[in-house]
Structure formats: C-alpha cells, structure tokens
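# Report on the structure
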Amino acid sequence: MTRLPHTPPERAPAARPRHPLGWLALCACAALTACATPAPTIAPVPAVDIARFMGDWYVIAHIPTFPEKNAFNAVESYAQRPDGRIQTDFRYRDGSFDAPVETLHPVATVRPDTGNAVWGMQFIWPIQAEYVIADVSPDYRSTIVARSKRDYVWLMARTPELSPEAYAQALRKIEALGYDLAKLRRVPQRWPER
C-alpha cells in the first residue's frame, strides 16, 4: 500500500494532490473525520448471509461520496477473503458512459456481534468508515447500505435496473431511514458496455 509522505503541519500544501489516489485519500480523510460526531444510529438488518451477499451489485441510486458524484455504470463487487475480510472492488466511469473505467479497492471488516450487517470499510489505513446494511431483500436481489450520519446512502441491485414499483418502494425505505431524497442521485446504467 502506498503511504502519503509525511509533511509537517506548517508546510502542508494548500493545493490538492496531483495523483488521483492522493486526492481520494484526502477526501476520504475529510469525510471520515466527521464520523466521530454522534448521530442517530441506523438500524441494520438482523442478519446478513455473507455468502449470498457476495458478488456484483449495480448502484441504482446514491447520495454519493466525492469520487462517485458523477459515476456512470457503477458496480460494487464483494468477495470474501481467506482472512474473513471482504475485498471490495468499486468500478465506475467518471462523467459519461465513454469515460475510462476507474476502480477503487477498499477492504471491509465485518464488525462482531452485528449479524454480519455492519462493516468497517477501509479506504486508507487505519480509518474504517461505517457501512450499515439497512435493508436486503429476502432473495438478495436488492439492498440499501446506509450510514448513521445520513451523509451517504447506496441503493444497489443485482441488475442494472429496478422496476418503477421496486424503485419507489426503495425510496420510501431510504426516506424512512432519515435521508433527504432531494440529495439522492440516480446512477446512469447502460449495459452491455461498448
């Protein structure tokens, strides 16, 4: 893992890093620093079957983090590692269907005694962002991942589209979790890719 070079506070650069991963790390730090602020807790589902949850999930709608605010064809993929952690690969195109594919590779740790429904998602060591599986359909075809701060949320499905009825139902669930639906962004999905 590449570590950002140490810079004394009095010499910290004001401009954003030129390397995209450096910029991502700074954004993640800024976003995750706020995690210490107390907030109403999002209730996770009682239990998640980790084996069934693994695989590809198309991001249908989200309140996005900075790197994904213009994501097209966003797909989150999970695979259980031998050490029990979850390898996550987030794949998207930034700004259009024709943009190059970009990927992020965080690793999640399932928090004990949460029924596998609360994860710590790590983009940079040692910070782990809260990742709460707040809803998963009985057939594991759709899910809502939320955070207690109500700053980000992800509606994902096993297919690139949900029926209008399923989408409306998911929006009601997201709103019931305390989110402002005006901040929700529908992720453009077009498959197969060219």
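So, a few notes on the structure that sits alongside this text.

In this section: the overall build of the chain. Per the secondary structure count, the chain includes 3 helices and 10 strands. Expressed as a percentage of the 194 residues in the chain, the buried residues total 43%. A fraction of 54% describes how many contacts in the chain between residues 6 or more apart in sequence connect residues 24 or more apart. Summed over all atoms, the accessible surface of the chain reaches about 11,000 Å², with 57% contributed by carbon and sulfur.

Now for unusual backbone geometry. In this model, Trp191 is joined to Pro192 through a cis peptide bond whose omega is -5°. The residue Asn116 is not glycine, and still its phi comes out positive at about 70°. Tracing the chain through its elements places Asn116 in the loop between strand E5 (107-110) and strand E6 (118-124). In the Ramachandran plot, Tyr140 falls in the positive-phi region, its phi being about 55° despite a non-glycine side chain. Positionally, Tyr140 belongs in the loop between strand E7 (127-136) and strand E8 (142-146).

Helix length check: helix H3 (residues 164-176), at 13 residues, gives a terminal C-alpha distance of 18 Å against a target of 18 Å (1.5 Å per residue), a fit within 8%. The set of residues buried in H3 consists of Tyr167, Ala170, Leu171 and Ile174. Each buried residue of H3 lies within a common arc of 105° when the element is viewed along its axis, so the set occupies one face. Across from the buried face of H3, at angles greater than 90 degrees, the exposed residues are Glu165, Arg172 and Ala176. As for H3, its buried residues are in contact with strand E1 (55-63), E8, strand E9 (153-157) and strand E10 (185-186). At the exit of H3 stands Gly178, carrying a positive phi of roughly 105°.

Another aspect to go through is the pattern of salt bridges. Within the structure shown, the criterion is met by 6 salt bridges. Put simply, Arg93 and Glu193 hold a salt bridge, and the shortest N to O gap is 2.5 Å. With Arg93 in strand E3 (residues 86-94) and Glu193 in the segment after E10, this pair connects stretches of sequence that are 100 residues apart. Residue classification places Arg93 among the buried positions, given a relative accessible area of 13%. Judged by its relative accessible area of 23%, Glu193 falls in the partly exposed class.

Rules used in this analysis
- Residue positions are given per chain, counted from 1 along the sequence in the order it is written.
- Totals for whole chains, interfaces and linings use every residue, but because this is a predicted model, local features are given only for residues with pLDDT of at least 70 and side-chain atom pairs only at 80 or more, for both listing and counting.
- Each side-chain value is worked out from all heavy atoms of the structure, with water and hydrogens disregarded.
- Numbering goes from the N terminus for both helices and strands, where a helix is a DSSP run of H or I of at least four residues and a strand is a run of E of at least two.
- Think of it in three bands: with a 1.4 Å probe and only protein chains considered, a residue is buried below 20% of the maximum accessible area for its type, exposed above 50%, and partly exposed in between.
- Only heavy atoms enter the contact rule, under which two residues are in contact if any of them lie within 4.5 Å.
- Throughout, the Shrake-Rupley method with a 1.4 Å probe supplies accessible areas, and for residues the shown protein chains are the sole cover considered.
- Working rule for helices: expected span equals 1.5 Å times residues minus one.
- Arc definition: directions from the helix axis to the C-beta atoms.
- The working definition used for a salt bridge is a side-chain nitrogen of Lys or Arg within 4 Å of a carboxyl oxygen of Asp or Glu.

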